[in-house]
Amino acid sequence: MKSGIFTKVIARRPPLSLGGGITAAGLGSPDPRLALIQHEAYCEALRSCDVEVILLDAAPEFPDSTFVEDTAVIAGGRAVITRPGHPSRLGEAELIEPVLSRYLEIDRITPPGRLDGGDVLEIDDLILIGLSERTDAEGAAQLCGFLEHDGFSCGNVPVAGGLHLKSGVSYLGNGVVLADITTAGILPLSGLEVITVADGEEYCANCITVNGRILFPSGFPRTRDILACTGLEIIELDMSEFRKMDGGLSCLSLRMNI
Ligand code: CIR
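Numbering of residues begins from 1 in every chain and follows the order in which that chain's sequence is written. In view of the model being predicted, local features appear only for residues whose pLDDT reaches at least 70, and side-chain atom pairs are presented and counted only at 80 or more, with totals across whole chains, interfaces and linings using the full set of residues. Hydrogens are left out, water is left out, and the side-chain values use all remaining heavy atoms of the structure.

A. Local environment of the sheet that holds strand β11 (residues 193-196). Two strands qualify as a pair provided DSSP detects at least 2 bridges between them. Numbering goes from the N terminus for both helices and strands, where a helix is a DSSP run of H or I of at least four residues and a strand is a run of E of at least two. Taking strand neighbours across the sheet as the criterion, the three strands line up as β9-β10-β11 in an open arrangement whose pairing is mixed. Lying at the two open borders of the sheet, with one neighbouring strand each, are β9 (169-173) and β11. With direction set aside, neighbouring strand axes in the sheet form an average angle of 25°. As paired strands, β9 and strand β10 (residues 176-179) are joined by four bridges and run antiparallel to one another. Within β10, the position partnered with glycine 173 by the bridge is valine 176. All axes are obtained by fitting lines to C-alpha atoms, using only the stretch in contact for helices, and the reported angles, taken between N-to-C directions, cover 0 to 180 degrees.

Below you can see the structure in the form of structure tokens.
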């Protein structure tokens, strides 16, 4: 299965309650109105990559609900609804299921397993699952059980720094991985080319490749220039308000190829 090719994505508008979510970033409170503008630009960038954006209404009762990536793992025509690892986010899984069930077969991570989608990195047929504060071995084993049926192989990696595995690494397609130096050191990456983000630019290790373009956070010029070697067009997006809530570019969408 080839990563980075998508026809549809699901996104959810950030709520006015965004600042009530979980964060350890220490960057101050987000401006929810600016977050909405940045979210609109994100959706527009996806549309410019020939992707249909299924845009869900904000869910103010869940301040972190714009980070839809954590609520499901989509791979091989299947959506595995997660059991988010922070108690305040548990109800978000139930919220996302109706829309996913319109397009995909549904499975669910069940108690006591815990898993956030941000810990799941798809590299073509390989699925790496980060064991983090949010994802435990039981959640990883359940996910693996579903995906191995579809021909994926799975492996676990410990997440040493950052919130999720994908806070520190992205797969750009064509055998190329972008990672911060710490994450690059823990990944089993034989056979892959690893591009390391520039020192001090660790936040931009989280980005997404969509139909041959890289959606990339603005403000990381040295890494952006390094990425020119991929030959992929780079679309820069201001992520400042989501970053204040520990969110990256991948967190804002659930991506499907159906
Ligand atoms: C949280 O701590 O759960 C949210 N404030 C941020 C989630 C970011 N999601 C992601 O990296 N996939």
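From this point, the narrative continues.
B. Focus on the pattern of salt bridges. Basic side-chain nitrogens of Lys or Arg form a salt bridge, by our definition, when they fall within 4 Å of a carboxyl oxygen of Asp or Glu. Across all of its chains, the model carries 17 salt bridges by this definition. Of the charged contacts, one joins aspartate 116 and arginine 134 as a salt bridge, the two residues approaching to 3.2 Å between their closest N and O atoms. Of the two residues, aspartate 116 is situated in the loop between β5 (105-108) and β6 (120-123) and arginine 134 in the loop between β7 (126-131) and α3 (137-148); the sequence distance between them amounts to 18 residues. Comparing aspartate 116 with arginine 134, the two get one shared label, buried. Between arginine 213 and glutamate 233 there is a salt bridge, with its nearest N and O atoms 3.2 Å apart. Highlighted residues: arginine 213 in strand β13 (residues 213-217) and glutamate 233 in strand β14 (residues 233-237), separated in sequence by 20 residues. Members of the salt-bridge network, linked through shared partners, are Arg78, Glu105, Asp107 and Asp150. Working definition: with a 1.4 Å probe on protein chains only, accessible area under 20% of the residue-type maximum means buried, over 50% means exposed, and in between means partly exposed.

C. Inspection of the sheet that holds β13 at higher detail. Pairing is mixed across the open sheet formed by three strands, whose spatial order is β12-β13-β14. Each having just a single partner strand, β12 (208-210) and β14 make up the two edges of the open sheet. Averaged over neighbouring strand pairs, the angle between their axes works out to 30° when direction is ignored. Here, two residues are considered to be in contact whenever any of their heavy atoms come within 4.5 Å of each other. Its contacts with the sheet place helix α1 (residues 32-48) against β12, β13 and β14, and it is angled at close to 165° to β14.

D. Geometry of the site of the ligand. Near is defined per residue: the residue qualifies when any heavy atom it owns lies within 4 Å of the molecule or strand. Around the ligand, a shell composed of 14 residues is seen, among which Ile22, Asp64, Asp70, Met245 and Cys251 lie nearest. Interatomic distance of 2.8 Å between a backbone N/O atom of methionine 245 and a nitrogen atom of the ligand. With the chains in place, 98% of the 340 Å² that the ligand exposes on its own is no longer accessible. The pocket and cavity definitions rest on a 1 Å grid over protein atoms only: a 1.4 Å probe that fits but cannot leave marks a cavity, an open set with protein on both sides within 12 Å along at least five of seven lines marks a pocket, and residues lining either have an atom within 4 Å of a point. Pocket occupancy is defined atom-wise: a molecule lies in a cavity or pocket when more than half of its atoms are within 2 Å of its grid points. Of all the cavities here, the one that holds the ligand is the largest cavity. Under the scheme applied here, ten amino acids are nonpolar (Ala, Val, Leu, Ile, Met, Phe, Trp, Tyr, Cys and Pro), four are charged (Asp, Glu, Lys and Arg), and all others, including Gly, are polar. Of the residues that constitute the shell around the ligand, the class distribution is five nonpolar, three polar and six charged. Polar contacts, as used here, are pairs of N or O atoms within 3.5 Å; protein pairs need one atom able to donate a hydrogen and one able to accept it. Residues neighboring in sequence count only if both atoms are side-chain atoms. Residue exposure ignores everything except the shown protein chains as possible cover, and the areas themselves are Shrake-Rupley values with a 1.4 Å probe.

E. Expanded view of the layout of surface pockets. Roughly 640 Å³ of volume is contained in the largest pocket. Along the walls of the largest pocket sit 36 residues, with Gly4, Phe6, Ile74, Glu122 and Arg255 positioned nearest its centre. When contributions to the lining of the largest pocket are tallied by element, the ones reaching two or more residues are β3 (72-75), β6, β9, β12 and β15 (254-256). Along the lines of polarity and charge, the residues of the lining of the largest pocket split into 19 nonpolar, 12 polar and five charged. Grid points are joined across faces, edges and corners, and a volume is the space filled by probe spheres set on the points. Space inside the second largest pocket adds up to approximately 520 Å³. Lining the second largest pocket are 30 residues, and of these Gly162, Leu163, His164, Ser167 and Asp246 sit closest to its centre. Residue composition of the lining of the second largest pocket, grouped by class: seven nonpolar, 15 polar and eight charged.

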